[in-house]
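Spelled out from the first residue to the last, the chains are:
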Amino acid sequence: TRLATFGVRAAHALRTGERARLLALELERTRALLEVIVQATAELSVSHTLETAVVRVAELLGVERVAVYLRGDHDGELEAAASRGLAGPHARVADRLLDVALGPSRERTVLEISDVVRDPRLAMAEAAARETGIGSALAVPLVARGDVVGLLAAYPEGSPAAGEHETALLAALAGQLAVAVQNAQLHEQATRLGEEREAALAAERTAARQVRALYEVSRS
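Described in the following lines is the structure provided in the data block. As the structure is a prediction and not an experimental result, all values here were calculated from the model. (Residues numbered from 1 in each chain as written. Predicted model: local features only at pLDDT ≥ 70, side-chain atom pairs only at ≥ 80, totals over all residues. Heavy atoms only, no water.)

1. A short note on the overall build of the chain
In step 1: On a plain count of helices and strands, the chain comes out with five helices and five strands.
In step 2: Residue pairs at least 24 apart in sequence account for 60% of intrachain contacts in the chain once pairs closer than 6 positions are excluded.
In step 3: Approximately 13300 Å² of the chain is accessible, and the part contributed by carbon and sulfur atoms is 54%. (Helix = DSSP H or I, 4+ residues; strand = E, 2+ residues; numbered from the N terminus. Contact = heavy atoms within 4.5 Å. Areas by Shrake-Rupley, 256 points an atom, 1.4 Å probe, with all protein chains shown as cover.)

Okay, structure coming up:
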């Protein structure tokens, strides 16, 4: 009887310890997510925001290859804006992943592909996947204020084993990252327009001085 009682208490202690470990892990990842969001928002720089996100996502998910893609200004196709551990035409794979994620699979927040090469939905990107050595993928569209601005993708070595917490973390990071990227783009656009306006005003003042000088010459 005493041994049975001890067994029950030991099992309860083990379950409690496991629950505490999982909560500590979740707290650590949530803190890391907040650090990414705060740092990215404070910088208001697209490149710095994306580089920070790529590094932190790789650390949080324990993967080597991570990339953030943004849509091009002209054709709307994805372009690699920041990446880690990737080479070759991986943007083609990401472009097809985005199409699949925005299709019937949109009901799932995070798109999980266990075999990119053999998945029929990604047949158009098979050659690019083979060339870049991409086997599996986790992908989340970056959507800000209803606009799809890009894609956050991680490429694990084996089959993706993202749990519920990892999926929620990736989705939350993608949502905040999309807003941060859009804000940074707007900030850079406003800065560029301000610089162009200052340059135009300076050119106008220079032209006005030249006109006044010519006027004075003509008078004399």
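2. So, the pattern of salt bridges
In step 1: Under the defined criterion, the tally for this structure stands at five salt bridges.
In step 2: Of the charged contacts in the structure, one is a salt bridge between Asp 99 and Arg 96, with a shortest N-O distance of 3.5 Å. You can see Asp 99 and its partner Arg 96 sitting in helix H3 (residues 90-101), three residues apart, about one turn around the helix.
In step 3: Judged by its relative accessible area of 40%, Asp 99 falls in the partly exposed class.
In step 4: Across the pair Arg 118 and Asp 115 runs a salt bridge whose closest N-O atoms are separated by 3.9 Å.
In step 5: A relative accessible area of 72% places Arg 118 in the exposed class.
In step 6: Its relative accessible area of 27% is what places Asp 115 among the partly exposed residues. (Salt bridge = Lys/Arg side-chain N within 4 Å of Asp/Glu carboxyl O. Buried < 20%, exposed > 50% of the residue type's maximum accessible area, 1.4 Å probe, protein only.)

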